[in-house]
Amino acid sequence: MNPAWSVIFLTTLIGAGQGLFLAIAGVDAAARLGMIAPVAADFFVTGSFVSLLLLVCGLGASFLHLGHPERAWRAIAMWRTSWLSREVIVLPAFMACVALWVLTGALPWALAAALLALLLYLCIGMIYGAVKA
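The paragraphs below set out a description of the structure included in this document. Given the structure is predicted, the values throughout are model-derived calculations rather than measurements.

Take the side chain of Ser-48 next. Within the secondary structure layout, Ser-48 lies in helix H2 (residues 41–65). Other than its neighbours up to four places away in sequence, Ser-48 contacts Ile-24, Val-98, Trp-101 and Val-102.

Here is the structure:
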């Protein structure tokens, strides 16, 4: 299997963004439950910003992989049968929830983003599971 560099960047950057967010959300949850001392808000803002930056760069790498970027919107069309289409839907939803969490600090956005991060891992795993080595 010889994946294109853009696919390697896409997977690595998105995975790093997801992992960073889940780590930050875990620290937030532990602080809210009193398991650790409260953490400065700057920690969450900076970490979420870096997470979003990694996700945006990963999304940019996905456009480099497309032969016709102007047709990217078509990737959503097969969402009932294609894990790639589901990934294209889940990624922006995850990014939006991370952004809303950092803007509001509301726990429901963190929970929604965490669930979407796990769903995104599932989508990516199913894509790579379908690829022949």
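Enumeration according to the criterion identifies one salt bridge in this entry. Asp-28 is paired through a salt bridge with Arg-32; the nearest N and O atoms lie 3.0 Å apart. Of this pair, Asp-28 and Arg-32 both sit in helix H1 (residues 5–32), four residues apart, roughly one helical turn. Overall, Asp-28 belongs to the buried group, its relative accessible area being 8%. By relative accessible area, Arg-32 is classed as partly exposed at 44%.

This paragraph deals with the packing of aromatic side chains. Tallied over the entire structure, the rule returns five aromatic pairs. Ring centres 5.7 Å apart and planes at 80 degrees place the aromatic pair Phe-21 and Phe-94 in the edge-to-face group. Of this pair, Phe-21 sits in helix H1 while Phe-94 sits in helix H3 (residues 83–104), and the two are 73 residues apart along the sequence. Both residues of the pair, Phe-21 and Phe-94, count as buried. Judged by centre distance (5.5 Å) and plane angle (90 degrees), the rings of Phe-21 and Trp-101 are edge-to-face. Linking Phe-21 in helix H1 with Trp-101 in helix H3, this pair joins segments that are 80 residues apart in sequence. In this structure Trp-101 comes out as buried when scored by relative accessible area, which is 3%. Three or more aromatic residues link up through ring pairs in this structure, and these residues are Phe-21, Phe-43, Phe-44, Phe-94 and Trp-101. In this arrangement the basic side chain of Arg-86 is found over the ring face of Trp-83, its NZ or CZ atom lying 4.5 Å from the centre.

Cut-offs used in this document
Residues numbered from 1 in each chain as written. Predicted model: local features only at pLDDT ≥ 70, side-chain atom pairs only at ≥ 80, totals over all residues. Heavy atoms only, no water. Helix = DSSP H or I, 4+ residues; strand = E, 2+ residues; numbered from the N terminus. Contact = heavy atoms within 4.5 Å. Salt bridge = Lys/Arg side-chain N within 4 Å of Asp/Glu carboxyl O. Buried < 20%, exposed > 50% of the residue type's maximum accessible area, 1.4 Å probe, protein only. Phe/Tyr/Trp six-rings, centres within 6.5 Å; stacked < 30°, edge-to-face > 60°. Lys NZ or Arg CZ within 6 Å of the ring centre and 35° of its normal.

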